[in-house]
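# Tertiary structure, described
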Amino acid sequence: MNQSVRVPSLAPAARTPRRLRLSMGREDWIMAGGILAVGVFLIVAVALPLLALFVKAFENRAGEFVGLANFAAYFSTPSLTQSIWNSLFVASASTVITVTLGFVFAYGLTRTCMPLRGVLRALAVTPILSPSMLPAISLVYLFGNKGFAKGLLFGNSIYGPIGIIMGEVYYTFPHVLLILVTALSMADARLYEAADALGTSRWRTFWTVTLPGVRYGLVSAAVVAFTLALTDFGVAKVVGGRFNVLATDVYKQVIGQKNFPMGAVVGLVLLAPALLSFLVTRHVQKRQKAQLSARSVLLTPQPQKGRDLVFFAVCSVIALAIATMLGTSAFASFIKLWPYDLTLTLTNYDFSLVDSSGWTSYTNSLVMASSVAVIGTAVVFGGAYLVEKGRSLPLLRHAISVLALLPLAVPGLVLGIAYIFFFNHPANPLGFLMGTMAILVINTLAHYYTVAHLSASTILKQVDGEYEAVSASLKVPFWRTFALVTVPVCLPTILDILVYLFATALTTASSLIFLYTPDTKTASVAVISIDDAGNIASAAAMAMVIVYTSAAVRGLDLLVRRFGLARFQRWRQR
Amino acid sequence: MTAPEEPPVYLRLQNISKHFGTFHALRDVSLSIRKGEFVCFLGPSGCGKTTLLRAIAGLDPQNSGRIEQDGRDISRLPPAQRDFGIVFQSYALFPNLTAAENIGYGLRNRGVPGHEIRARVEQLATLVHLYEHLHKYPSQLSGGQQQRVALARALALSPGLLLLDEPLSALDAQVRQFLRREIKEVHRRLGITTIMVTHDQEEALTLSDRIVLMNRGVIEQVGTPTELYRTPRTAFAAAFVGQSNFLPGRLRADGTVAVNGVPLRPGVGVQAGMPDEPVQICLRPEQVELRPAGAGGYPAQVTDVEFCGSFWRVTLSVEALGCRRLVADVPPALGGALALAEGAAVDALVPDGVAQVFPEVFPEAAA
Ligand SMILES: Nc1ncnc2c1ncn2[C@@H]1O[C@H](COP(=O)(O)OP(=O)(O)OP(=O)(O)O)[C@@H](O)[C@H]1O
Ligand SMILES: [Mg+2]
């Protein structure tokens, strides 16, 4: 053996021979093909449309490059720039309110022994079932010109910032709540024991242990609330009145005035803060991961009468308010003529009276949402699998994992107009997709890709990394092991993804509003158009149809998990 | 180089190198393993054992170098086209399949008829003493049982080569002992060429026909357990395999070494060097002889006595050798006779021709 002293080389790369490449077997080709397919999908469905949007902002209506002219025009039009401040104002205000209420509620759920926690929590997350137009419709019923509770506004109109803020608080509440519940339940009991042992006062413990412990959760929650409120279209569309925000501006420019370049500019303006908050969230999440170690002891709250009652009271009020919002739309959808004739009726559900699509929009929604769920789960999970476990094409795999994160930063509305620019471009061979159900499916899947992808890759990272190696040594092709082992092991998460994609596809409207045709109109888009036409009761009814459906799907999901899945998962028990 | 009566070379590694970025995990590793041999890759953590094993399997191919298995160049073959069974440290058992299904996994894919699979699975289960647990899922098995399922699964297709990456490291001491014997037994019965990665020298010494001692991406020494123990070629080998005392010394013109001015006659294998060159002298604890004080030797003082069952481990301070920590192993009978206890005075003797001499610093440390 050569024992001579080795001099560290400054240029090892130059000396080392090129990487020896294994010859590709059939499996490797199939794997590479799969990676390529997912990569192409993300490029076509996410990257290229955004590029088209970007390019459009620098063109005039005739498609000629005009540099920054559109931006100059935009920023010199006060009626347009006013929307930036309006948007920032309503988004900030609703963020402060939602995060405050959400924190109190989450604290009550995780750190106190208040009664009825299960019921309160269930009520608090109901907004997740509905499209964002629903709270706005309820607000109109409650506080509108003929509203029962109009007096509570002291003469202010619900149409405008007040309505938007209230609607956004409702709409963003469950998202904020879930993040904060997670953050608060990750507490390490040992810290609290230490504080106790040192005789720290409760108030001080709260400031020195509790709050710092959830600071990342608070930042994430605030960022999510802000982004959702900023980019949401449904609430502002229904109760915005003459108060313009960015989201409605995009719509007006593109659909109303057919001013595509200006629409693109507003879209980019809307994209900027969303992108920024996306980066903040990423940063925060990386920090948060390390917080809870395997040795941490989970905190279990001890009963404390006074505190528990206070929290119960506050949380009940919040939950009641949420229930009232949902209840109002539900109730109104069965009422003949609010508030004059309160007899019950089903006429509001006869959508053919108010919309040429009638109930077809609902069946369209079902078809669309099921396609997104089924195809999406397969693409997302398969893609995440290939990214995590694949061996070939390392660069493309990395590109996929980056591209998969991008949609989270892109508001639906922006993705929607990006699709118009990209798929409507005369040179695009994929133009035939425009106006079909397929484009709605692709768009919705792209829009919600990130969350689904992240849950898939999280679970896949937990799956033993050597299954593929073992299966190669046993001469079993990887897809067989994927089907026989990986998928069964990940089944609960796959079901999560399926339900998530279905439910979000059902409630989303923001990007579809640009892409539907009378034949492919979905229920959520119908809510907007029916409301636009002044038939608010039918709009409420259509929104409720969506709520019933998502509630049914979630219920079915629970049943499947409890009774169906358990059978196939016997191996999980010890 | 292969003697006629020895089995033919089954696996031949030639100049295997592997780097991760600028970090060299393997440098120019060459090695031949004969058919039916049981070889252990031994070395400290991070020395490249797993990397070498994975290169042989094709899981993380080497950057350069050639691998030949059974006369066939497999350097560029993907793992699925190589012929090996493998057991990972994590076992990588399929959690949703029973022990029987895990073992029969590869057979089922080959379209072997059901009854034949069952027969083969039962045969393998008997081999690894797992028969009564075949219907259980991995989560219902103990660590040792899981390990045996993984072993049986790796053997199911009768591979020509068995690769084991620290298969026993996740188990507690007693189970390890037991499974070590079981692995040896399986190897004896099947005669399958086996490579096992371990950083446990005892495991390597008791199991292997030959040990491949690795350090920092290179092979330090290859040899039978006794060769490695008796004639380590480097200070690293002497330190890593078995216990050793290291004393600083200097070469002398007459072929002896001086430790603190005291001449010692070293054993075989001493390399000639410049007189007065600084060296390290390695003494195994059992090579140090103890006698009653005044019976002849270097006066020593006992600083610690450890009872180890079949022998006593005595730590001494020997002023004559300038050594404040010399470890000696003493048979219990002698230990009793010397009335060994902390503070006791004895004489220590280093017989001629046993000490090993190495260059002063670990060559690696100089790099
Ligand atoms: N994928 C990788 N990327 C970068 N470095 C790596 C990678 N895999 C291994 N290494 C490095 O190569 C060296 C050898 O690793 P290897 O896993 O072969 O060690 P080992 O001898 O098996 O150690 P252990 O006994 O701890 O398992 C280590 O320093 C390790 O950090
Ligand atoms: Mg290792």
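Residues numbered from 1 in each chain as written. Chains lettered and ligands numbered in written order. Predicted model: local features only at pLDDT ≥ 70, side-chain atom pairs only at ≥ 80, totals over all residues. Heavy atoms only, no water.

## Looking at the pairing of strand β17 (residues 312–318) of chain B
Residues and elements named next belong to chain B. Among the 7 residues in β17, 6 count as buried, and that is most of the element. Note: strand β16 (residues 298–307) against β17, 7 bridges, orientation antiparallel. Each bridged residue has a counterpart across the sheet, and for F307 the counterpart in β17 is W312. Two strands pair when backbone bridges link them, and β17 and strand β18 (residues 323–330) are joined in this way by 6 bridges, in the antiparallel orientation. Paired with V314 across the two strands is A328, which belongs to β18. (Buried < 20%, exposed > 50% of the residue type's maximum accessible area, 1.4 Å probe, protein only. Helix = DSSP H or I, 4+ residues; strand = E, 2+ residues; numbered from the N terminus. Pairing = 2+ DSSP bridges.)

## Quick notes on the domain arrangement of chain A
All names here are of chain A. Taken domain by domain, chain A consists of domain 1 (19–56 + 358–572) and domain 2 (69–290 + 301–332). Computed over C-alpha atoms, the centres of domain 1 and domain 2 are 26 Å apart. On the domain 2 side, the residues contacting the 34 residues of domain 1 number 35 residues. When the area that domain 1 buries against domain 2 is broken down by residue, the three leading residues are A409, L413 and I536, summing to 16%. For the pair domain 1 and domain 2, the interface holds 1 salt bridge. Here D532 and K237 are joined by a salt bridge, their closest N and O atoms 2.8 Å apart. Our enumeration of links across domain 1 and domain 2 arrives at 3 residue pairs in polar contact (both at pLDDT 80 or more). At 11 residues, the largest contribution of residues to the side of domain 1 that touches domain 2 is made by helix α24 (residues 536–568). Considered class by class, the residues forming the side of domain 1 that touches domain 2 number 26 nonpolar, 4 polar and 4 charged. (Domains from an automatic or database assignment. Contact = heavy atoms within 4.5 Å. Buried area = accessible area lost by both parts, 1.4 Å probe. Salt bridge = Lys/Arg side-chain N within 4 Å of Asp/Glu carboxyl O. Polar contact = N/O pair within 3.5 Å; in protein donor to acceptor, adjacent residues only side chain to side chain. Nonpolar A, V, L, I, M, F, W, Y, C, P; charged D, E, K, R; others polar.)

## Some thoughts on the sheet that holds strand β14 (residues 278–283) of chain B
All names here are of chain B. Strand order in the open sheet formed by 5 strands is β13-β12-β11-β14-β20, and the pairing between neighbours is antiparallel. Looking along the sheet, the strands with just one partner apiece sit at the ends: β13 (262–264) and β20 (356–359). For this sheet, the mean angle separating the axes of adjacent strands, direction not counted, is 45 degrees. Sheet analysis places strand β11 (residues 245–251) next to strand β12 (residues 257–259), joined by 2 bridges and oriented antiparallel. Looking at the pairing, L251 lines up with V257 of β12. (Axes fitted to C-alpha atoms, helices over the stretch in contact; angles between N-to-C directions.)

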